[in-house]
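Letter by letter, the chains look like this.
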Amino acid sequence: MVKAIAGQVAIAINNAHLYELIRDQAERLGGMLRKEQEEASRSQAILEAVADGVVVTGPDNEITFLNNSATSILGFATENILHQTLDAFGGIFGKAASTWMQTINDWSNDPASYQPGDSYAEQLELEDGRIALVHLAPVILQNDFLGTVSIFRDITHEVEVDRLKSEFVATVSHELRTPMTSIRGYVDILLMGAAGAMNENQVHFLQIVKNNTERLNILVNDLLDISRIEAGRITLSPQSLDLRDVAEDVLADILRRSEEENKPMAFSLETTKNLPRVLGDAERIRQVLGNLIDNAYHYTPENGQVTVNISATNGSLVRVDVKDSGVGISQEDQERIFDRFYRGEDPLVLATPGTGLGLAIVKQLIEMHHGKIWLESGGEGKGSTFSFTLPAYKKDE
Ligand code: ADP
């Protein structure tokens, strides 16, 4: 009996130990859970507090979190959207957001398509006219796709300020043209001797005034062009165009100039047979080609070679290459060449009057035509090739 009781007591003591162990473990787990919850609420509070809109989607495209800023920027209520899939809200985001939603869909459907470093940023015009900037990135944990995070920022005000700035520059440069025309006119009259004979010194000084008003004129015209493009005040009148005609026209002009300026250079035009016509604004396309060919002429020493090649790429695009044997462009300059006001440092560039706005305008004009522009150069002294594409003209357009 004593033995049996002793056995029972031993079991009871053992059980008591076990209970104690279990209670300790449970307490520890409870503590950890509380800490985790605190951590999660802290992260949530931080996300709620940021001024930018945050939208998080899960692996199956469901919206798992959005903060207050997101609801106010995008203009809808949290209850309606949380835990719904993104597809149900196509209408709310409007047409502008279709690429954003498509990218999220692509990444969720095929996470392997995501390349490290891939990200996506776009300016969205919302239904009510406000402008939001969205940055999208996938959330990847040890090769597992956990969803995506999108950050929205309301940039309506910045866009408006930028547009007003462009408007201001456009107005000022437009106003500057009237007095400048008058200065140029009177300098020409004086040089012609209409106000009496002038001595050599006076002619020399007036010639300097004339050259500088020419430079000013180029600058003001370029400023007017770029600010009008940026303020959205330039509209294109696209029509069917034969690029060969445009190129022949521009090359005839530059050939005349090369003879006048006594800077001999070989110009040639190569085109493929049955070249399709393109859809473009005649005046603007002439401006683009004129600018590229002017640059090729300016930045190539005499007796150089400038070749324009026009070819059809794949039926829907026409490609133009303007190739020169000139001073070339270094690798680091190539990245900034399309920036506003950027000019190279080659002595031939420094000796040529220019504003550094030409290529920025050309790029904007080509993009307005849904084309692309790029350049290739082997580096300094190795010539350059500027290429662009334009959509081919289709009869039913
Ligand atoms: P600008 O000709 O008034 O300087 P652009 O925007 O047309 O302005 O050109 C910017 C710069 O790009 C030039 O200053 C020059 O350094 C470089 N560049 C443009 N075209 C060529 C070219 N064909 N060959 C070499 N450099 C060029």
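Residues numbered from 1 in each chain as written. Predicted model: local features only at pLDDT ≥ 70, side-chain atom pairs only at ≥ 80, totals over all residues. Heavy atoms only, no water.

A.B. asks: How do you make sense of the overall build of the protein when you look at a structure like this?
C.D. replies: On a plain count of helices and strands, the protein comes out with 12 helices and 12 strands. Relative to its full complement of 397 residues, the protein shows a buried share of 36%. Looking at the protein alone, contacts between residues at least 24 apart form 61% of all its contacts between residues at least 6 apart. (Helix = DSSP H or I, 4+ residues; strand = E, 2+ residues; numbered from the N terminus. Buried < 20%, exposed > 50% of the residue type's maximum accessible area, 1.4 Å probe, protein only. Contact = heavy atoms within 4.5 Å.)

A.B. asks: Is there a simple way to explain the side chain of Asp225 in this structure?
C.D. replies: Examined against the element boundaries, Asp225 turns out to sit in helix 7 (residues 200-230). Setting aside its immediate chain neighbours within four residues, Asp225 contacts Ile234, Arg284, Gln287 and Ile361.

A.B. asks: Sorry, what's going on with helix 9 (residues 282-298) here?
C.D. replies: Working note: α-helix, 3.6 residues per turn, so residues spaced by three or four point in the same direction. Compared with the 24 Å implied by 1.5 Å per residue over 17 residues, the 24 Å span of helix 9 between its first and last C-alpha is a close match. Of all 17 residues that make up helix 9, 12 are buried, and the element is covered over most of its length. The set of residues buried in helix 9 consists of Arg284, Ile285, Val288, Leu289, Gly290, Asn291, Leu292, Ile293, Asn295, Ala296, Tyr297 and His298. You can read the cap of helix 9 off the contacts: a side-chain oxygen lies 3.1 Å from the backbone nitrogen of Glu283, and it is on Asp281. (Expected span 1.5 Å × (residues − 1). Polar contact = N/O pair within 3.5 Å; in protein donor to acceptor, adjacent residues only side chain to side chain.)

A.B. asks: What's the story with the environment of Asp245 in this structure? I'm lost.
C.D. replies: Positionally, Asp245 belongs in helix 8 (residues 243-260). Classification of Asp245 by relative accessible area gives partly exposed; the value is 46%. Note: C-alpha distance between Asp245 and Ile104 (141 residues apart in sequence) is 46 Å.

A.B. asks: Whenever I open this one, the sheet that holds strand 12 (residues 384-391) confuses me. Can you help?
C.D. replies: Paired through backbone hydrogen bonds, the strands of a sheet run either parallel or antiparallel to each other. Taken in spatial order, the 5 strands of this open sheet run 7-9-10-12-11, and their pairing is mixed. At either margin of the open sheet sits one strand with a lone partner, and together these are strand 7 (265-271) and strand 11 (372-377). The average undirected angle you get between the axes of adjacent strands in this sheet is 15°. In this sheet, strand 9 (residues 304-312) lies alongside strand 7 in parallel orientation, the contact comprising 7 bridges. Bridge pairing in strand 9 places Met265 opposite Gly304. Strand contacts of helix 8: strand 7, strand 9, strand 10 (317-324) and strand 12, with the helix running at about 175° to strand 7, the strand carrying the most contacts. (Pairing = 2+ DSSP bridges. Axes fitted to C-alpha atoms, helices over the stretch in contact; angles between N-to-C directions.)

A.B. asks: What am I meant to see in the site of the ligand here?
C.D. replies: Taken together, 21 residues lie near the ligand, and Tyr299, Asp324, Arg343, Gly344 and Leu359 sit nearest. One of the side-chain nitrogen or oxygen atoms of Asp324 is found 2.8 Å away from a nitrogen atom of the ligand. Contact between the ligand and Leu359: an oxygen atom at 2.7 Å from a main-chain N or O atom of the residue. In the complex, the protein chains occlude 96% of the 530 Å² of accessible area that the ligand would expose alone. Elements that contribute at least two residues to the shell around the ligand include exactly helix 9, helix 12 (358-368) and strand 12. Looking at which element gives the most residues to the shell around the ligand, the answer is helix 9, with 3 residues. For the shell around the ligand, the class distribution of residues is 10 nonpolar, 9 polar and 2 charged. (Near = heavy atom within 4 Å. Areas by Shrake-Rupley, 256 points an atom, 1.4 Å probe, with all protein chains shown as cover. Nonpolar A, V, L, I, M, F, W, Y, C, P; charged D, E, K, R; others polar.)

A.B. asks: What exactly am I supposed to notice about a nonpolar patch on the surface here?
C.D. replies: On the surface, a cluster of nonpolar side chains totalling about 450 Å² of accessible area is made up of Met1, Ile5, Val9 and Ile13. Relative to the helices and strands, Met1 is located in the segment before helix 1 (2-49). Here Met1 falls in the exposed class, since its relative accessible area comes to 82%. (Patch = residues over 30% accessible without salt bridge, like charges linked within 9 Å, V, L, I, M, F, W, Y side chains within 5 Å. Salt bridge = Lys/Arg side-chain N within 4 Å of Asp/Glu carboxyl O.)

A.B. asks: Is there a simple way to explain the pattern of salt bridges in this structure?
C.D. replies: Between side chains of opposite charge, pairing is possible as soon as their charged atoms come close. Applying the stated rule across the entire model yields 18 salt bridges. Between Asp253 and Arg286 there is a salt bridge, and its shortest N-O distance comes to 2.9 Å. Placement of the pair is Asp253 in helix 8 and Arg286 in helix 9, with a sequence separation of 33 residues. The residue Glu367 makes a salt bridge to Lys363 at a minimum N-O spacing of 3.3 Å. Taken as a pair, Glu367 and Lys363 lie in helix 12 at a separation of 4 residues, close to a single helical turn. With a relative accessible area of 28%, Lys363 lands in the partly exposed category. Each of Glu160, Arg163, Glu167 and Arg233 takes part in a single network of salt bridges with overlapping partners.

A.B. asks: Would you take a moment to explain the nonpolar core for this structure?
C.D. replies: Side chains of a nonpolar character, in soluble globular proteins, are inclined to be buried together. One finds Leu243, Leu289, Leu292, Ile293, Ile310, Val320 and Phe388 to be the most contacted residues of the largest nonpolar core, which totals 43 residues. Ranked by residue count, the leading element in this core is helix 9, at 7 residues. Beyond its immediate sequence surroundings of up to four residues, Ile293 is in contact with Val250, Leu251, Ile254, Val308 and Val322. Among the nonpolar cores identified, the runner-up in size contains 22 residues, and Val55, Leu66, Ala70 and Tyr114 belong to it. (Core = buried A, V, L, I, M, F, W, Y, C linked by side-chain atoms within 4.5 Å.)

A.B. asks: So what exactly am I meant to see when it comes to the packing of aromatic side chains here?
C.D. replies: The geometry of two aromatic rings is summed up by the distance between their centres and the angle between their planes. In total, this model carries 2 aromatic pairs according to the counting rule given. With a centroid separation of 6.4 Å and 40° between ring planes, the pair formed by Phe267 and Tyr297 is classed as tilted. One end of the pair, Phe267, is in strand 7; the other, Tyr297, is in helix 9, and 30 residues separate them in sequence. With respect to burial, Phe267 and Tyr297 carry one shared label: buried. (Phe/Tyr/Trp six-rings, centres within 6.5 Å; stacked < 30°, edge-to-face > 60°.)

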